[in-house]
Amino acid sequence: MEYKIALIRGDGIGPEVVREAVKVLDAVAAKFGHQFLYTDVLMGGCAIDAVGKSYPDGTAQTCKGCDAVLLGAVGGPKWGHSTDPDKRPETALLSIRKELGLYANLRPATLRPALADACPLRRETAEKGIDLMMVRELTGGVYFGKRDRYQTEDRGVEASDLMAYSELVIERIGRRAFELARLRRKKVSSVDKANVLETSRLWREIMHRLAAEYHDVEYEDVLVDNCAMQLVRDPGQFDVVVTENMFGDILSDEASMITGSIGLLPSASMGDTNPALYEPIHGSAPDIAGQDKANPIAAILSAAMMLRYSFRLAAEAEAIEQAVDAVLAEGWHTGDMAGDTDKLVGTVRMGQLICAKL
Ligand code: NAD
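Residues numbered from 1 in each chain as written. Predicted model: local features only at pLDDT ≥ 70, side-chain atom pairs only at ≥ 80, totals over all residues. Heavy atoms only, no water.

> What should I look at first to understand empty space enclosed by the protein in this one?
Space left empty within the atom packing is revealed by a probe, the size of a water molecule, rolled over the atoms. Inspection of the entire model under this criterion finds two cavities of 30 Å³ or more. Roughly 40 Å³ of internal volume is contained in the largest cavity. As for the largest cavity, its lining consists of Met163, Tyr165, Val191, Asp192, Thr199, Ser200, Trp203, Glu244 and Phe247. If you list the elements that add at least two residues to the lining of the largest cavity, you get β8 (187–192) and α7 (198–213). Per-element accounting of the lining of the largest cavity gives the leading share, three residues, to α7. Along the lines of polarity and charge, the residues of the lining of the largest cavity split into five nonpolar, two polar and two charged. The computed volume of the second largest cavity comes to approximately 30 Å³. (1 Å grid on protein atoms, 1.4 Å probe; cavity = no way out; pocket = protein on both sides within 12 Å on 5 of 7 lines; lining within 4 Å. Points joined across faces, edges and corners; volume = space filled by probe spheres on them. Helix = DSSP H or I, 4+ residues; strand = E, 2+ residues; numbered from the N terminus. Nonpolar A, V, L, I, M, F, W, Y, C, P; charged D, E, K, R; others polar.)

> Sorry if this is basic, but what is going on with α7 here?
Every α-helical turn comprises 3.6 residues, leaving residues that sit three or four positions apart pointing alike. In this model α7 runs 23 Å from its N-terminal to its C-terminal C-alpha over 16 residues, within 8% of the 22 Å that 1.5 Å per residue would give. For α7, every residue scored as buried is listed here: Thr199, Ser200, Trp203, Ile206, Met207, Leu210 and Ala211. One face of α7 carries all of its buried residues, which in axial projection span an arc of 150°. With respect to the buried face of α7, the exposed residues turned more than 90 degrees away are Glu198, Glu205 and Ala212. (Expected span 1.5 Å × (residues − 1). Buried < 20%, exposed > 50% of the residue type's maximum accessible area, 1.4 Å probe, protein only. Arc of directions from axis to C-beta.)

> Just checking my understanding: could you explain the site of the ligand for this structure?
The ligand sits among 19 residues. The nearest are Val74, Gly283, Ala285, Asp287 and Asn295. The backbone of Gly76 places a nitrogen or oxygen atom 2.9 Å from an oxygen atom of the ligand. One nitrogen or oxygen atom from the side chain of His282 is found 3.3 Å from a nitrogen atom belonging to the ligand. Contact with the protein chains covers 66% of the free accessible surface of the ligand, which is 810 Å². (Near = heavy atom within 4 Å. Polar contact = N/O pair within 3.5 Å; in protein donor to acceptor, adjacent residues only side chain to side chain. Areas by Shrake-Rupley, 256 points an atom, 1.4 Å probe, with all protein chains shown as cover.)

> What's the story with the pairing of strand β11 (residues 266–270) in this structure? I'm lost.
For a regular strand, side-chain orientation follows a simple rule: the groups alternate between the two sheet faces. With five of its five residues buried, β11 lies for the most part within the structure. Of the two faces of β11, the one holding Pro266, Ala268 and Met270 and the one holding Ser267 and Ser269 are both buried throughout. Here strand β4 (residues 104–110) runs beside β11; their pairing, made up of three bridges, is antiparallel. Along β11, the bridge assignment pairs Ala104 with Met270. Relative to strand β12 (residues 276–280), β11 runs antiparallel, the two sharing four bridges. Among the inter-strand pairings, Pro266 is bridged to a residue of β12, identified as Pro280. (Pairing = 2+ DSSP bridges.)

Structure (structure tokens):
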């Protein structure tokens, strides 16, 4: 089969980690008889330097002509000062998410067996294994509600942020979570604050409607404060965790932290139609850019997610994940991870080791 992939290499370590992910994709193509066709898309700080804006005209159009988008990272101190939105790298990220209609953010938190020692949780908890998928709603809630700041008569200045959620927005993210659970261990935990918030009560009502429809999937409601606690007490109990925008922002960072280095974690952002966008959760790491120090594993595992979720190539995705596990099990690591100095490798060598395991 032939698949078209848009590559947004971006800034800082972005080009270095995407290059390694492409190497791994090419190794998968050779092994499984696929063809991946790449289109380079200029976006971020490098685009400001080249054409004067971070989100050049036609970016979304080019991406829409592909089956999936793989992004490295954008941004860096060089472009951090402009007040002109066209000259800010984050503008490009927000614009592409909006133009591609990406409303679901998926972040797996997986504790790779070789890294149990790097897990800050108790050994017996870590040894049970962690393999959960955070599904965060990306377009609604308090981050996008009306903001206000006004003078009161007796309490000084007051500010407010409106949290709103519609049936449509809740249902589409819920459906996404149930569909994903069917590809995994068939359990959905829906996180809300229904004992206090009206938006959460609507959220819960709609999730219950979906749970009745997806009766092959186990379902539970979890209050957000309890979820934060359970994530450090016994994260192994979770499979798919679905939640609204702000709760998801906070809980997904908590979930990533329990699994070790930021250089290991992939993510996906999806809408109703292709292309979805896959990217490591880390940024452009300007402090180590161009020094062959970046860990390419988050980008490589983002490519594996792309194979699994956009192309439905589960065996190929698993092959990548197993190759990563095998390399880590042998003790190979980049500078962001702990390990023996004689097994410390750079970005390029890490990519080669993973390709060799494939
Ligand atoms: P960062 O993730 O780039 O770096 C944080 C720390 O983690 C740094 O010490 C860095 O060296 C280290 N690190 C990150 N990724 C690593 C990897 N793969 N291997 C080894 N070490 C790694 O976060 P930051 O410093 O807050 O942001 C730097 C720039 O990246 C900013 O301009 C920010 O806006 C941008 N950013 C972009 C994205 C994105 O493109 N989606 C996301 C986050 C931050």
